[in-house]
Amino acid sequence: MENQREFGRAVPVQVTVLCGNNLRGSRTDSCLSFVRVEFNGSLLGDSQKLDIAVDNNVVYNFTCSFECSEVAHSLDDVAHKPVILTVLEILPKEKKQKEEKTTVLGQAVVDLLPLLRGQCSFSSTVLLHAVPGSPADVAAHEDGIKSTLDVTVSIPEPLLSDSQRSDSNVLMVTVETVYSVPEVWNPASTPPSSYVAALQMPVSATREQVLLFSNGVLKMGGEREPLPRPKKWPLGPLLTPGAEVIQGLYIDTEPTDMDHGDLTDIEDNDFRANAECNENRVSWDTARRCFIDAGGVACLSRRIAECRLWPVEIMKANQTVPTKGGRSARDKLGEDEPQISFHGVVYMDLVPLLYPGVRRIHGVYRIYPFYESDLLNKTQRTYSILKELSRAPPTLGRTRANSSVDSLRAFQSKTFENQRGNKDVPKKPDSQGKPAQSDSVTGLEPQVNTEGQMYADSRSYIIIEIAVEKPLVPKRPPEELAKRVMELVPPRPPLPRRPAGAERAVQEYQSQIASVAAQVLDQYQQLFGTAFVPGGKPLDPVLQEQRKTQLLGELNCSGKYFAFKEQMKYSVVRIVREKMLRTEAFSDPEQLQAFLSQLYVFLVDEMHVSLNKSLSVDSQDTHHEPLLSCAQLKHFAKEAQLNKDYQLAAQYYQECLVRDRSDPSHWFDYGAFHMLTDDLLKAEECFQQALSIEQTHIPSLLMCGVLSDMNERYEDAETFFERATCVEPNNVVAWTLFGVFCQAQDKVFQAEMAFREANKHFISIMQNGQSSRPKVTSETQSGQEKNQKDETSEIPAGKTEKTGGDTDEGAVHKEGIPQNREESKQEVQHQLSPSSVQTTIFMETVWFLLHNYALQMAQRTLALELLSPDRGTISSYHLALAQLQLLRGEHDSAEASLKEALADNFQNPDIWALWGHLHHMRGEYAQAQSCYERTLDSVLDTSDTHAIFLRLGFIYLQEGEYEKAKAIFLRACKHSPSCLTWLRLGIAYYRLEELSEAEEALTEANALNNRNPEVWGYLSLVCLRTGRKLEAEQSYKYAMKMNLQKESLLQEIHDLQSRVGFGNPSF
């Protein structure tokens, strides 16, 4: 069967060279040439010799083949070796010349990778790279004419079945450049040397393949390597320059934040910039593909999971010259322990290849001196690849020569021809590949690798890229995640389409008609309004025409008639353009007249429709703009939450939803409110409603994931988190929450990937100055705290400005701010240690979770912050922990955390503010007052001054310090006005006997919330003091209707009513 084929079967690969285009030889009239085809060091054949005129294409139609099998040419050979096509010219014979002389015109290569991708045949036109100085090279430079070959490759059946192709993979390792090489490596003084890099990869469950890069070139510094530059085949030098280039593969500019490995921090940028521009370097720019079957893929994934570091060995070898007798000097030494000079090793972290969806890692890696003990400790390997290869018999693989490829140099041919001869390194007895005869790690290892130590001293590093054709761990595509979210939370049907085009033009005309009609009616009422007064003389129907004439005359005299025409003009023009589709002038007067008649009829009909709507009693539809915006309503809801008046808070949130149920932010805020009240079922319903409106609403996706995790629906939680990272890939909180979730599920590599992405985007945001930290608010007080003193009227919030009332010069907190406050603030920030302004991905996520009352996930995230090596400041951690403890009602633990925070940063006003809230919740008002005053006196701004103003002002009112209370509440009304801020300001004015200002403040409070009984109560007191009986009785009546519960205020009202003798209608 198709799916049961084995890799070892032989499949013939047929290569056909169809023709050559624009070939140029040594003769000007014709060219006698033939093409030679080679693959994997084997000569596949020569075509017939054809003498064709220069202007004609050379039709070779030459076909040759080779068998792809595990015995001869393996799938790995197909992956990393091209078919080499060499075009040779036969030179004319000279006198006394017995044999024909040939010269190479050019070389081309054909990549066979499409065969591994399931194709049975493909055709391509490949560039024939000319020999420098040849006629073809001269023509290419002078005329821009390039020689090409048309080639077709075919096989009778696919090399891999569908299942084999889906389970296998093609890995490509690109070794780019070593920078900051040891100083002794100088191109001017160093003898010719080979620079070699090698690593080992499993190609199956039982075999490993050495990937060898032996053509490194030592270069002088002084300029950067060009970008982009092509990648090269791992073939060694070909006969023509340019033929070693892999078409379509380039080394391009890589963002620094995308690099893996070492030297990726900001402080390393200067060092790398200098090394990559000015220092000597060794360049390979070579890409080596490797075919890995299903067993090899599993083995590679398992090996990376078991030991994340993968060794890449590097060495320098001087070229040796053969002596008489054909043996090199090194061969004469016998087969002693090979000594490898400048033996270094790179430890690559390949775990990113196990991240879901990752197909490529590009890394900058430090080179360390090679020690077998370090190799064993870090990679669990016990032998050196280069040493094993140097022990290999030099005769391996020499039975196959490549006539078009220069043989590797003496050292290379001895040590590395097993790769060119397709000899895999056998699997060693132990799981990590122990050799049959390995050195003792402690016995034979030298004490110091002096030459290798030069890598460390010079801070040498190498740039390597590893890419796989298919990710080792597949990632769910965004489409699948979006579909899954739609299944979990079905989207709402789209909103009805708004009118546009002709329909909108007609509606605008009707609205203008209604507007003009309303203005005409107003004018009519001004002229004849006495008839509409009760008891007035009715209008005489006989004089109706006279009244009409009088109205028209008034409209003309006042200019309103022309104003109405101008008002209507634009809407009529839109009807002509949108409805009648006329945009050009009429040339025929008859057509113009007909069009005007049609337009007039249409406008009159629509006028009647509009007048019927606007003048009909049943269809009167008056729309009043709401006095309060949704932002103010949410602000008042937060106020009610602070007061633990959850019923009132719910009413404000519900009013927002009534105004606009299609806004996902309203549903999200309502869900966060239910998180505070611990109604998780209702909270999840609200978050899902927000998602049904907008499937890409990030906060709702995250909170749905948090609640799914809390309810142990882990698959759904992963879907929500992963979808959030797809919708907004640079969202730090989304990636961090995804990592926290994966770590709890023991998905170590996914968690590592998520935290890496979060850190990458977080650093980018911080560098751009876009980081914003959630406010530290007093909302962290426990939602479950019981038997606490009612603070219904002490903690307001909001935003409106009031002028009136001056602050007292003797008040503790004055309105005036020193002119040098900004300078002073900068000085204090400069004095703080750098760590005091640091934050981390975990702390940013904690603020989000605390703001939305997801306490369980916040605690887990705080634990990760505590364990993180890149943790932020101690004070920020303990501040967040204190907020979490306050939300849980753990006051003693919160106090201990705040003490730890103050010990680390005594100047942070947020810490003092939160400690003031803690004292206030305990009823320790003196201590709370001290903390609040210290917070407001700080030159640094606290994250939330609103609650501080409210609570400190309330304490002043309680203590009878009304001047201080007035100053504080004036600041509160200017900063964030609300019903309660104006109410408290009115109380302060009232106690100071400033009744006029008190009434103004209470009126502002009543405008923001006319259902507050305390506002009506104090308005009644003001009216009683000013002797206004009717207003006093009305205010008292509304205070009682709104169920005023404050006994002290009620008693004060009753006492004053008794003194003045009015104000209570029940007397």
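Bear in mind that the values here come from a model prediction, so they are computed numbers and not experimental data. Every residue gets a number counted from 1 within its own chain, in the order that chain's sequence is written. Owing to the predicted nature of the model, reporting of local features is limited to residues with pLDDT of at least 70; listing and counting of side-chain atom pairs is limited to 80 or more, with chain, interface and lining totals taken over all residues. The basis for the side-chain values is all heavy atoms of the structure; hydrogens and waters are excluded.

Draft legend 1. The arrangement of the overall build of the chain in detail. Under the DSSP-based scheme used, a helix requires at least four consecutive residues in state H or I and a strand at least two consecutive residues in state E, with every element numbered from the N terminus. What the chain contains, in helices and strands, is 39 helices and 23 strands. By residue count, 50% of the 1067 residues in the chain fall in the buried class. The contact criterion used throughout is that any non-hydrogen atoms of two residues lie within 4.5 Å. The contacts of the chain with a sequence gap of at least 6 include a subset with a gap of at least 24, amounting to 73%. Only the protein chains shown count as cover for residues, and the accessible areas themselves come from Shrake-Rupley with a 1.4 Å probe. Accessible area of the chain: about 51100 Å², with a carbon and sulfur share of 51%. Think of it in three bands: with a 1.4 Å probe and only protein chains considered, a residue is buried below 20% of the maximum accessible area for its type, exposed above 50%, and partly exposed in between.

Draft legend 2. Examining the side chain of E465 more closely. Note on placement: E465 falls in strand 23 (residues 461-468). When neighbours within four sequence positions are excluded, E465 is seen to be in contact with M172, V173, T174, E176, K231, R360, I361 and H362.

Draft legend 3. Spatial organisation of unusual backbone geometry. Backbone torsion omega between L227 and P228 reads -5°, so that peptide bond is classified as cis. Among the structural elements, P228 can be located in the loop between strand 13 (207-219) and strand 14 (229-232). Unlike most non-glycine residues, N61 shows phi in positive territory, near 50°.

Draft legend 4. Main features of the pattern of salt bridges. Here, a salt bridge means any Lys or Arg side-chain nitrogen found within 4 Å of an Asp or Glu carboxyl oxygen. Counted according to the given criterion, the structure contains 44 salt bridges. Across the pair E465 and K231 runs a salt bridge whose closest N-O atoms are separated by 2.9 Å. One end of the pair, E465, is in strand 23; the other, K231, is in strand 14, and 234 residues separate them in sequence. In this structure, E372 engages K387 in a salt bridge whose closest nitrogen and oxygen atoms are separated by 3.9 Å. Pair noted here: E372 is in helix 8 (residues 372-379) and K387 is in helix 9 (residues 385-391), with a separation of 15 residues, a long-range link. Its relative accessible area of 14% is what places K387 among the buried residues.

Draft legend 5. Quick peek at the environment of L354. Positionally, L354 belongs in the loop between strand 19 (341-349) and strand 20 (360-366). A sequence separation of 49 residues divides L354 from A305, and the C-alpha atoms of the two residues are 8.0 Å apart. The contact partners of L354, leaving out residues within four places of it in the chain, are S301, I304, A305, L472, V473 and F749.

Draft legend 6. Highlighting the packing of helix 31 (residues 909-922) against helix 32 (residues 925-937). Axes here mean lines fitted to C-alpha atoms, for a helix over just the part in contact, with angles spanning 0 to 180 degrees between N-to-C directions. At a minimum axis distance of 8 Å, the contact between helix 31 and helix 32 shows a crossing angle of 160°. Classed by the angle they form, the pair helix 31 and helix 32 counts as roughly antiparallel. Along this stretch, helix 31 crosses helix 32, giving a crossing that reads as left-handed. Here helix 31 contributes P909, W912, A913, W915, G916, H917, H919 and H920 to the contact with helix 32, which in turn contributes Y925, Q927, A928, C931, Y932, R934 and T935. Orientation categories follow fixed angle ranges, with anything under 35 degrees roughly parallel, anything over 145 roughly antiparallel, 65 to 115 roughly perpendicular, and all other angles oblique. Put simply, a crossing is left-handed when the front helix is turned counterclockwise from the back one by less than a right angle, and right-handed when it is turned clockwise.

Draft legend 7. Spatial organisation of helix 6 (residues 294-306). Here the expected span of a helix is defined as 1.5 Å times the quantity of residues minus one. The terminal C-alpha atoms of helix 6, which comprises 13 residues, lie 18 Å apart, in line with the 18 Å expected from a rise of 1.5 Å per residue. The set of residues buried in helix 6 consists of G296, V297, C299, L300, S301, R303 and I304. Contacts from the buried residues of helix 6 go to helix 4 (162-167), strand 11 (169-179), strand 12 (193-202), strand 13, strand 17 (281-292) and strand 18 (309-318). In the analysis that follows, any N or O atom pair within 3.5 Å is treated as a polar contact, provided that within protein one partner can donate a hydrogen and the other can accept it, and provided that, for residues neighboring in sequence, both atoms belong to side chains. The residue sitting at the N-terminus of helix 6 and contributing the capping side-chain oxygen is D293; that oxygen lies 3.2 Å from the backbone nitrogen of G295.

Draft legend 8. Quick peek at the packing of helix 34 (residues 962-975) against helix 35 (residues 979-991). Here helix 34 crosses helix 35 at 150°, and the two axes come no closer than 9 Å. Overall, the two elements helix 34 and helix 35 adopt an arrangement that is roughly antiparallel. Along this stretch, helix 34 crosses helix 35, giving a crossing that reads as left-handed. Facing Y962, A965, K966, F969, L970, A972 and C973 of helix 34, the residues of helix 35 in contact are T981, W982, R984, L985, A988, Y989 and R991. Here the term charged refers only to Asp, Glu, Lys and Arg, the term nonpolar to Ala, Val, Leu, Ile, Met, Phe, Trp, Tyr, Cys and Pro, and the term polar to all other amino acids, Gly among them. Looking at the contact of helix 34 with helix 35 residue by residue, the classes come out as 10 nonpolar, 1 polar and 3 charged.

Draft legend 9. A look at the sheet that holds strand 8 (residues 121-127). Ordered in space as 5-1-10-8, the 4 strands form an open sheet in which the pairing is antiparallel. Every interior strand has two partners, whereas the edge strands, strand 5 (58-68) and strand 8, have only one. Adjacent strand axes in the sheet meet at a mean angle of 20°, parallel and antiparallel pairs treated alike. Across 7 bridges, the pairing between strand 8 and strand 10 (residues 148-154) is antiparallel. For two strands to be treated as a pair, DSSP must find no fewer than two bridges joining them.

Draft legend 10. Summary view of helix 30 (residues 891-904). Counted at 1.5 Å a residue, the expected span for helix 30 with its 14 residues is 20 Å, and the 20 Å between its end C-alpha atoms agrees. Of all the positions in helix 30, only H891, A894, E895, S897, L898, A901 and L902 are classed as buried. In an axial view of helix 30, the angular spread of the buried residues amounts to 165°, which keeps them on one side of the axis. Residues of helix 30 that are exposed and angled more than 90 degrees away from the buried face: D892 and A903. Here the buried face of helix 30 lies against helix 29 (874-887) and helix 31. The arc in question is the one spanned by the directions pointing from the helix axis to the C-beta atoms.

Draft legend 11. Inspection of the packing of aromatic side chains at higher detail. To pair, rings of Phe, Tyr and Trp, with the six-membered ring standing in for Trp, must have centres within 6.5 Å; the planes then decide the type, stacked if under 30 degrees apart, edge-to-face if over 60, and tilted in the middle. Overall, the coordinates contain 22 aromatic pairs when judged by the stated rule. Relative to Y461, the ring of Y179 lies with its centre 5.6 Å away and its plane at 35°, an arrangement referred to as tilted. With Y179 in strand 11 and Y461 in strand 23, this pair connects stretches of sequence that are 282 residues apart. Residue classification places Y179 among the buried residues on the basis of a relative accessible area of 5%. Here Y461 falls in the buried class, since its relative accessible area comes to 0%. An angle of 35° between the planes, with centres 5.2 Å apart, marks the rings of F586 and F595 as tilted. For F595, a relative accessible area of 10% gives the class buried. Grouped by ring-pair contacts, the aromatic residues W185, Y195, F342 and Y455 constitute a single cluster.

Draft legend 12. Here's a closer look at the pairing of strand 12. Of all 10 residues that make up strand 12, 10 are buried, and the element is covered over most of its length. Across 6 bridges, the pairing between strand 12 and strand 18 is antiparallel. Across the sheet, the residue bridging to Y195 is K316, located in strand 18. As defined by bridge partners, strand 12 adjoins strand 13 across 7 bridges and the pair is classed as antiparallel. Across the sheet, residue L199 finds its bridge partner in strand 13, namely L211. As consecutive antiparallel partners, strand 12 and strand 13 are separated by 4 residues.

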